Amino acid sequence: MKIAQELGYQPNVAARSLVQKKSFTIGVVWPSVERVAPSILITKINDLLERKSYTTLLSINKVESAIATFNRFQVDAILVFGDNKTVLSDTLIQTTVPILYYGLKENSTYPTIDVNRRKAIKQAVHYLQEIGHKEIAFIGDLSDNDPLQKEKAIGFFEAMNVKQASELPELAIPTNGLEVHDGYHAAKTLLSNNTSVTALISGSYDLTRGILRATSELALHVPKDISIISYDNIPQADNLEVTLSTVGVPVSRIAKQINKALLSILEGHDIQDHIILDPELNIANSCAPFGWYD
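If you're wondering where the values come from, they're calculated on a predicted model, not measured in any experiment.

*Asks:* Would you mind showing me how to read the sheet that holds strand E12 (residues 280-282) here?
*Replies:* Paired through their backbone hydrogen bonds, the strands of a sheet run either parallel or antiparallel. Overall, mixed pairing links the 6 strands, which are arranged E7-E6-E8-E9-E10-E12 in an open sheet. Both outer strands of the open sheet, strand E7 (172-174) and E12, are each paired with one neighbouring strand and no more. For this sheet, the mean inter-axis angle between neighbouring strands, taken without regard to orientation, is 20°. Here helix H8 (residues 205-217) sits on the sheet and contacts strand E6 (136-140), strand E8 (199-202) and strand E9 (227-231); the angle it forms with E9, its principal contact strand, is near 155°.

*Asks:* Explain helix H6 (residues 147-159) here, please?
*Replies:* In an α-helix, one turn spans 3.6 residues, which is why side chains three or four residues apart end up on the same side. Relative to the 18 Å expected for 13 residues at 1.5 Å per residue, H6 spans 18 Å between its end C-alpha atoms, a close match to the ideal helical length. Regarding H6, the residues found buried are Leu148, Gln149, Glu151, Lys152, Ala153, Gly155, Phe156, Phe157 and Ala159. Residues of H6 that are buried make contact with helix H5 (117-130), E6, E7 and E9. The backbone nitrogen of Leu148 has a side-chain oxygen 3.0 Å away, supplied by the residue at the start of H6, namely Asp146. Where H6 terminates, the next one or two residues include Asn161, which has phi positive at roughly 60°.

*Asks:* What am I meant to see in the side chain of Ser245 here?
*Replies:* Relative to the helices and strands, Ser245 resides in strand E10 (residues 245-248). By relative accessible area, Ser245 is classed as buried at 0%. When sequence neighbours within four positions are dropped, the list of residues in contact with Ser245 reads Ile228, Ile229, Ser230, Asn282, Ile283, Ala284, Ser286 and Cys287.

Rules and cut-offs
Residues numbered from 1 in each chain as written. Predicted model: local features only at pLDDT ≥ 70, side-chain atom pairs only at ≥ 80, totals over all residues. Heavy atoms only, no water. Pairing = 2+ DSSP bridges. Helix = DSSP H or I, 4+ residues; strand = E, 2+ residues; numbered from the N terminus. Axes fitted to C-alpha atoms, helices over the stretch in contact; angles between N-to-C directions. Contact = heavy atoms within 4.5 Å. Expected span 1.5 Å × (residues − 1). Buried < 20%, exposed > 50% of the residue type's maximum accessible area, 1.4 Å probe, protein only. Polar contact = N/O pair within 3.5 Å; in protein donor to acceptor, adjacent residues only side chain to side chain.

Encoded structure:
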């Protein structure tokens, strides 16, 4: 190995795959998003697979095209990240390579891993209610375009005992996306017009970053003036100006579960058709009981 390194030798992947009948590559169909949480997740998955000598190949093409390409490359397995356009059916997809789907089970006939987004938001609402908050707002995607985000909105409505956003026009604030500027504009609109809100739940880490910018500009102190719980249970929540209270499945646990499922598939084992991971609520400095500072 030392001599090989000195000579700059690199194994021929094509030759090795012919001998071992494995390419030691995993194809990943990426949903072309630049948000922090998904990027952290794929990085952790890649790190875990690399420890097992697997290389990940990333495609941002449409799902059918990406899967066809990965079949030609003869990868050992394909991981598909679901988004609002992804519906995977074994009657429509032509593949000889096993597929693992990360997203809503109703959008896939393949083995699927998902997280309970609806339960996460309900946990956040119930906790805020338990510590005295009544005027609780939600900032996120309220449309029907993205089923992943819709699950979060449904969780908020169910916890607040309503069926739709129109029943909470001043507390359910829609965004045009899930980026920082979307959270900023939504929070600016909410907090400038509704001074009775004492707590809010954010639909994503990136939205929360925008929300914090808005609270700063409006001279609102977190959590003295408003408590915040952010969806996306990621380590970066500790690095902001106020340590965030978060809800969701820890990104490290999602990565480990996906890695475990992929390795089981690669070893020829059957896996559960549907694995759904339960969220965790972590309370930190961005959240306080109602009236705590009075």
